[in-house]
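Each chain is listed here by its residues.
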Amino acid sequence: MKLFKIFSLTILLNYFFLSFSNSEIIKEIRIDGNERITDEIILMFSNIELGQDIKDSQINEIIKNLYETNFFDNVSVSLNNNKILINVDEAPLIESVTITGIKAQKNIDLIKNNFELKARNSFNDVALIKEVQSIESTLKSLGYYFAKVDPFIENLDNNLVSIEYKIELGDKAKIGKISFLGNKIFKDKKLKNIIISEEYKFWKFITGKKFLKEQLIEIDKRLLKNFYLNKGYYNVKVNTSFAKLIKNDEFEIIFNVDAGDKIIFNDMKIVLPDNFTKDNYKNLEDLFKKLKGKKYSINSVEKILDEIDKITIQDEFKTSKAFINESVEENKLNIDFIIEESERFFVEKINIFGNNVTRENVIRNQLELDEGDPFSEILANKSQNNIKSLNFFKTVKTQILDGKNYNSKIINFEVEEKATGEIQAGAGAGTEGGTIFFGVKENNYLGKGLNVDANATISAERFKGNLSVTNPNYKNSDKSTFVNLQAIENNQLSTFGYKTNKTGFELGTNFEYLADFRLGLSTSTFVEKIETDSTASARQKTQAGNYLDTFVRFNFDYDKRNQRFRTSEGYRSNYNINVPIVSDTNTLTNSYNYKIYSELYENNISSFSLLLKSATSVTGDDVKLSERLSIPSSRLRGFERGKVGPRDGSDYIGGNYLTAINIQSSIPKIFDNSQNLDAILFFDAANVWGVDYDSSLNDGSEIRSSIGIGIDWLTAVGPLNFSLTEVISKSDTDVEESFRFNLGTTF
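Q: So what exactly am I meant to see when it comes to the overall build of the protein here?
A: Helix and strand content of the protein: 13 helices and 35 strands. Relative to the globule expectation of 27 Å for 747 residues, the C-alpha radius of gyration of the protein, 36 Å, shows a markedly less compact shape. Taken along the three principal axes of its C-alpha coordinates, the protein extends 130 × 70 × 55 Å. Burial statistics for the protein: of 747 residues in total, 43% are counted as buried. Across the protein, every contact between residues at least 6 apart in sequence was considered, and the portion connecting residues at least 24 apart equals 59%.

Q: Would you mind showing me how to read the nonpolar core here?
A: Tyr 228, Ile 270, Tyr 296 and Phe 337 are the most contacted members of the largest nonpolar core, which has 43 residues in total. Residue assignment for this core shows that the elements contributing at least two residues are β9 (174–183), α6 (188–194), α7 (214–229), β11 (250–258), β12 (264–271), α8 (282–291), α9 (298–316) and β14 (332–341). Beyond its immediate stretch of four places on either side in the chain, Tyr 228 contacts Lys 184, Phe 186, Leu 191, Tyr 233, Val 236, Val 257 and Ala 259.

Q: Explain the environment of Ile 185 to me, please; I cannot follow it from the model alone.
A: Inspection of the secondary structure puts Ile 185 in the loop between β9 and α6. Ile 185 sits 120 residues away from Asn 65 along the chain, and the two C-alpha atoms are 56 Å apart. Excluding anything up to four places from it in sequence, Ile 185 contacts Tyr 233, Ala 259 and Asn 603.

Q: Looking at this structure, I do not really get a nonpolar patch on the surface. What am I missing?
A: A contiguous nonpolar surface patch, about 370 Å² in accessible area, is contributed by Leu 467, Val 483, Leu 485, Phe 505 and Leu 507. Along the polypeptide, Leu 485 turns up in strand β22 (residues 480–492). Under the relative-accessibility criterion, Leu 485 is labelled partly exposed at 44%.

Q: Can you walk me through the confidence of the model for the protein in this structure?
A: Detailed reading of predicted coordinates is not advised where the pLDDT is low. On average, residues of the protein score 87 in pLDDT, and 95% of them are at 70 or above. Residue range residues 1–21 is modelled with pLDDT below 50. Its contacts to residues more than four positions away, or to other chains, number zero contacts.

Q: What is the right way to read the sheet that holds strand β2 (residues 28–32) from this model?
A: Sheet strands associate in pairs through backbone hydrogen bonding, adopting either a parallel or an antiparallel arrangement. With mixed pairing, three strands are arranged side by side in an open sheet as β2-β5-β4. A single partner strand is all that each edge strand has here, and the edge strands are β2 and β4 (72–80). In this sheet, neighbouring strand axes are inclined to one another by 15 degrees on average, regardless of whether the strands run parallel or antiparallel. In this sheet, strand β5 (residues 83–90) lies alongside β2 in parallel orientation, the contact comprising five bridges. Looking at the pairing, Glu 28 lines up with Lys 83 of β5. The strands touched by helix α3 (residues 59–68) are β4 and β5; relative to β4, the strand with the most contacts, the crossing angle is about 160 degrees.

Q: Sorry, what's going on with the packing of aromatic side chains here?
A: A ring pair, where both rings are aromatic, is described by two values, the distance of the centres and the angle of the planes. Taken as a whole and assessed by the stated rule, the structure comprises 23 aromatic pairs. Ring plane angle 80 degrees and centroid distance 5.5 Å describe the contact between Phe 227 and Tyr 228, whose orientation is recorded as edge-to-face. The class of Phe 227 is buried, set by a relative accessible area of 8%. A residue is classified by how much of its surface remains accessible, and Tyr 228, at 0% relative accessible area, is buried. Relative to Phe 741, the ring of Phe 739 lies with its centre 6.2 Å away and its plane at 35 degrees, an arrangement referred to as tilted. Among the aromatic side chains, those forming a connected cluster through ring pairs are Phe 186, Phe 227, Tyr 228 and Tyr 233. Here the guanidinium or amino end of Arg 637 rests over the ring plane of Phe 682, the centre of that ring lying 3.8 Å away. One cation-aromatic arrangement involves Arg 647 over Tyr 652; the distance from NZ or CZ to the ring centre is 5.4 Å.

Q: Help me understand the pairing of strand β20 (residues 450–459), please; the structure alone is not making it clear to me.
A: A regular strand places its side chains so that they alternate between the two faces of the sheet. Pairing of strand β19 (residues 433–445) with β20 involves nine bridges; the strand directions are antiparallel. Residue pairing for β20: Tyr 445 is matched across the bridge by Leu 450. Here β19 hands over to β20 after four residues, with Leu 446 in that stretch at a positive phi of 55 degrees. Pairing of β20 with strand β21 (residues 462–471), which is carried by eight bridges, proceeds in the antiparallel orientation. Residue pairing across strands places Ala 456 opposite Gly 465, the latter belonging to β21. From the end of β20 to the start of β21, which pair antiparallel, there are two residues.

Q: I tried to follow α7 on my own but got confused; where do I start?
A: Note on helix geometry: an α-helix contains 3.6 residues per turn, so any two residues three or four positions apart are oriented the same way. With 16 residues, α7 should cover 22 Å at 1.5 Å per step; its first-to-last C-alpha distance of 23 Å lies within 8% of that length. Of all the positions in α7, only Leu 216, Ile 217, Asp 220, Lys 221, Leu 224, Phe 227, Tyr 228 and Leu 229 are classed as buried.

Q: How do you make sense of the packing of helix α2 (residues 39–46) against α3 when you look at a structure like this?
A: When two helices pack together, their arrangement is captured by the angle between the axes and the distance separating the axes. Interaxial distance between α2 and α3 falls to 8 Å at its minimum, and their mutual angle equals 120 degrees. When the axes of α2 and α3 are compared, the pair comes out oblique. The hand of the α2/α3 crossing is right-handed. The segment α2 lies against α3, with Ile 42, Phe 45 and Ser 46 engaging Ile 62, Asn 65 and Leu 66. Taken together, the residues of the contact of α2 with α3 break down into four nonpolar, two polar and no charged.

Q: Sorry, what's going on with the sheet that holds strand β6 (residues 93–100) here?
A: Across the sheet, three strands lie side by side as β6-β8-β7; this open sheet has mixed pairing. Whereas interior strands pair on both sides, the edge strands pair on one side only; in this sheet they are β6 and β7 (148–156). Averaged over all pairs of adjacent strands, the angle between their axes in this sheet comes to 20 degrees, without regard to strand direction. Across seven bridges, β6 lies against strand β8 (residues 160–168) in parallel orientation. By the bridge assignment for β8, Thr 98 is matched with Glu 164. Against the sheet, helix α5 (residues 125–141) contacts β7 and β8, and its axis sits at roughly 145 degrees relative to β7.

Criteria and thresholds
Residues numbered from 1 in each chain as written. Predicted model: local features only at pLDDT ≥ 70, side-chain atom pairs only at ≥ 80, totals over all residues. Heavy atoms only, no water. Helix = DSSP H or I, 4+ residues; strand = E, 2+ residues; numbered from the N terminus. Rg over C-alpha atoms; globule rule 2.2 N^0.38 Å. Buried < 20%, exposed > 50% of the residue type's maximum accessible area, 1.4 Å probe, protein only. Contact = heavy atoms within 4.5 Å. Core = buried A, V, L, I, M, F, W, Y, C linked by side-chain atoms within 4.5 Å. Patch = residues over 30% accessible without salt bridge, like charges linked within 9 Å, V, L, I, M, F, W, Y side chains within 5 Å. Areas by Shrake-Rupley, 256 points an atom, 1.4 Å probe, with all protein chains shown as cover. Salt bridge = Lys/Arg side-chain N within 4 Å of Asp/Glu carboxyl O. pLDDT = per-residue confidence, 0-100. Pairing = 2+ DSSP bridges. Axes fitted to C-alpha atoms, helices over the stretch in contact; angles between N-to-C directions. Phe/Tyr/Trp six-rings, centres within 6.5 Å; stacked < 30°, edge-to-face > 60°. Lys NZ or Arg CZ within 6 Å of the ring centre and 35° of its normal. Expected span 1.5 Å × (residues − 1). Parallel < 35°, antiparallel > 145°, perpendicular 65-115°, else oblique. Left-handed = near helix turned anticlockwise from the far one by under 90°. Nonpolar A, V, L, I, M, F, W, Y, C, P; charged D, E, K, R; others polar.

Here it is as C-alpha cells:
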C-alpha cells in the first residue's frame with residue numbers, strides 16, 4: 001500500500017511538472033511573410049496577445065484559425081523562449097472572375113450569386129473545387145445535367161490571379177418517361193395531370209416543362225402530396241423521387257407514393273383562452289358538425305384556420321396565435337384548434353429584400369400588417385402566404401426580429417425572383433375539325449404585378465385573337481380590373497350562309513363581394529360586319545351590314561367547389577346578363593349555369609349541370625344572326641355541332657332560347673388495370689327554339705336527348721377523348737353524330 005501511494009504521488013508530480021514546463025508567457029510576437037494582410041488582422045485571427053500564458057498544445061489551434069481565414073497558402077507557428085514566430089505565405093488575390101460558354105445573362109447572374117471566390121477575395125484550391133461543384137449544381141437545377149465546368153487559373157504579377165470558368169453546357173436533360181410506383185391508388189393518367197413536368201416528345205419545342213429540373217420535381221412532389229391530402233389520405237408520403245438515365249439525354253422520373261389509408265374527420269373542437277367570447281366562434285361549431293364523417297381535406301382545415309384568424313382579429317381584437325393538435329384513432333381524425341393569446345407587440349418596421357424586378361408596392365399590397373399596427377403572428381404568416389400566392393418568386397422567407405423598444409417587432413420579408421413569362425402553343429384535331437392555338441403570357445409585367453396575355457385560336461371556320469391586361473389588385477382595393485381587345489371572325493358561309501367579323505374591347509372589374517361570391521361589372525363596345533351569300537334566306541340577307549354595339553355586363557358567381565382544378569365536391573352557380581346600351585337590335589342576353597359535383601363511391605366523380613340561356617330584343621327587333629343561340633357541342637353529344645334546332649331553308653339558324661341538362665359519372669372499375677384509360681357514362685338533354693324574325697318558320701322546340709359512354713385516353717401524342725352515343729329523342733331535321741373524338745397536344 002505504501003508503494004502504491006509513492007507511485008501515485010510520482011505520477012502527479014510528473015504531470016504538474018510537464019504542464020508547467022510546456023507553458024510559457026508570450027513576451028514577443030514576430031510575424032513574417034505577410035505583405036497584404038496586416039499584423040493586426042493576423043493577431044486577431046490567431047487569438048493571442050503579449051503576456052498571454054500559452055502551451056505547446058495551443059500552437060495547432062493558432063495554425064487552424066489562420067488557415068480557416070483562407071488568406072494563406074502556408075502557415076507555420078513556433079514557440080521558443082517566450083517568443084512566438086508566425087510565418088505565412090499569403091494566398092493570391094483574385095483580380096477577376098469570368099464565365100464563358102453561357103449566352104443567357106440571367107444564367108450567368110444565377111451562377112455568380114452563389115460565388116464564394118469573388119474579385120478581391122483570396123484564392124485557394126479547396127475553395128475552387130467547391131466552387132466548381134456549386135456551378136455544376138446550379139446548372140443541374142437549370143436542366144443541364146451533362147454540363148462540363150473547367151476552371152483556368154492565370155497567375156499575374158503582384159501575387160494576383162484571374163479565374164475563368166469554361167463551361168460546355170451540352171444538351172438539356174429531357175424527361176423521357178414519368179412513372180409512379182407504390183400504393184398510389186390513382187392511375188398514372190390522373191397523376192400526370194396533377195404535376196407540372198411533362199414527358200418529352202420531338203414536337204414539344206416550346207414548353208420548358210419537358211426538361212429535367214430539380215426545382216420542378218420538388219414542386220411536383222408538393223402538388224402530388226396536396227392532391228392526396230385533399231382526397232382523404234392524411235398519412236400520404238411522396239418519397240424521394242429520382243431520375244434514371246434511359247437514353248443519351250433522357251431520364252425517367254420515378255415518384256414513389258404511399259397513400260396510406262383514407263382518413264375521415266371525427267371530433268373537432270376549438271380551445272379558447274378564458275377571456276375570449278365563445279359565441280363569436282359558434283359558426284365554426286356548425287361547420288365541425290357538417291364535416292364530421294367526411295373524408296379528410298387539407299383545404300377544409302386551412303379554411304377553418306382562416307376563419308379562426310378572421311374572427312380573432314375582427315371580433316376579438318386580440319393578439320393571438322392558432323395551431324392544431326391532431327390524433328388518429330381507427331382511421332378517424334380528431335382535431336383540436338387551439339388559440340393562445342400572445343404578448344402584445346407593435347410593428348416597428350417592415351423590410352422587403354430581394355425584389356430586383358417586382359416593385360415594392362406590389363409586395364406591400366399583399367401584407368396584412370402595416371408599420372404601427374399591433375403585431376400578429378397570424379397576420380405575418382398570412383402576409384407571407386399572400387406573397388407566395390402571387391407566383392412571382394421562387395422562395396419567400398419571413399424573419400421576425402426584436403425592435404428598438406421592448407414591445408416592438410421588425411418583420412423582414414426576403415424574396416427570390418423567378419421568370420414569370422411563358423409561351424404556349426397547341427393543336428387539336430377531331431370530328432369537328434382542327435384547331436391551332438398560340439399564346440404569350442407575362443404574369444408580372446414591368447414588375448407592376450400586371451397580367452398581360454396575348455393569344456390566338458385558329459380553326460377552319462373561326463379565328464379569335466385576344467389581348468388582355470389585368471390588374472389583380474387595383475390601387476390596393478382587392479378588386480381586379482381588366483381590359484380586353486378582341487378580333488373575331490366566324491365564317492359560316494358554307495354551312496349557314498353568313499360570315500361575321502367582330503372587333504372591339506371590353507373593360508371591367510370583378511371582386512369578392514361576400515365569402516365565395518364574386519361580382520363582376522364590365523362594359524364592351526364592338527364593331528361588327530355581317531356578310532351573307534346566295535345560299536342565305538331572304539330574311540337573313542336583310543341582316544347583312546355593319547353594326548356598332550355597346551353593352552353593360554353583370555356577372556354573379558357563387559363558387560362552393562372544393563377546388564377549382566379537378567373538382568370532386570361542391571357546386572358553382574353563375575348568372576350573367578348583357579344589357580344593351582347602344583345597339584341596332586338591343587339584344588338582351590341572359591344565361592344561368594349551375595353545376596354540382598359529388599363522389600358517389602370510391603374514386604368516382606359524378607356531376608349534374610344545368611344551362612339556361614335567352615337572347616331577345618328589348619325593343620322587339622330581330623336578333624342578329626351572330627347573337628342567336630346554338631347548343632354547345634359539349635352539352636349535346638350525339639348530334640353534329642350547330643345542326644339542331646330551327647332552320648331557315650337548309651340553314652340551321654339557332655334560336656332565341658336554350659336549355660341543357662347534363663349528367664355524367666366516371667366508372668373507375670372498367671379500365672382498372674390500365675394506367676392511361678378512364679371511362680365515363682353520360683346523359684345529355686337539350687333544346688334550342690324560337691325564331692323572332694319569321695313567325696312562319698318552325699321554332700324547332702323539341703327535346704333532344706342522348707346517352708353514351710366516353711373514353712379518356714392519355715396517348716403518346718396527347719389526351720384523346722372519344723364518345724359513342726345513342727340518341728334517345730330528336731327532331732326530324734336534326735343531324736346525328738354517334739361517334740365523336742378529339743385529340744390535343746401542346747408544343
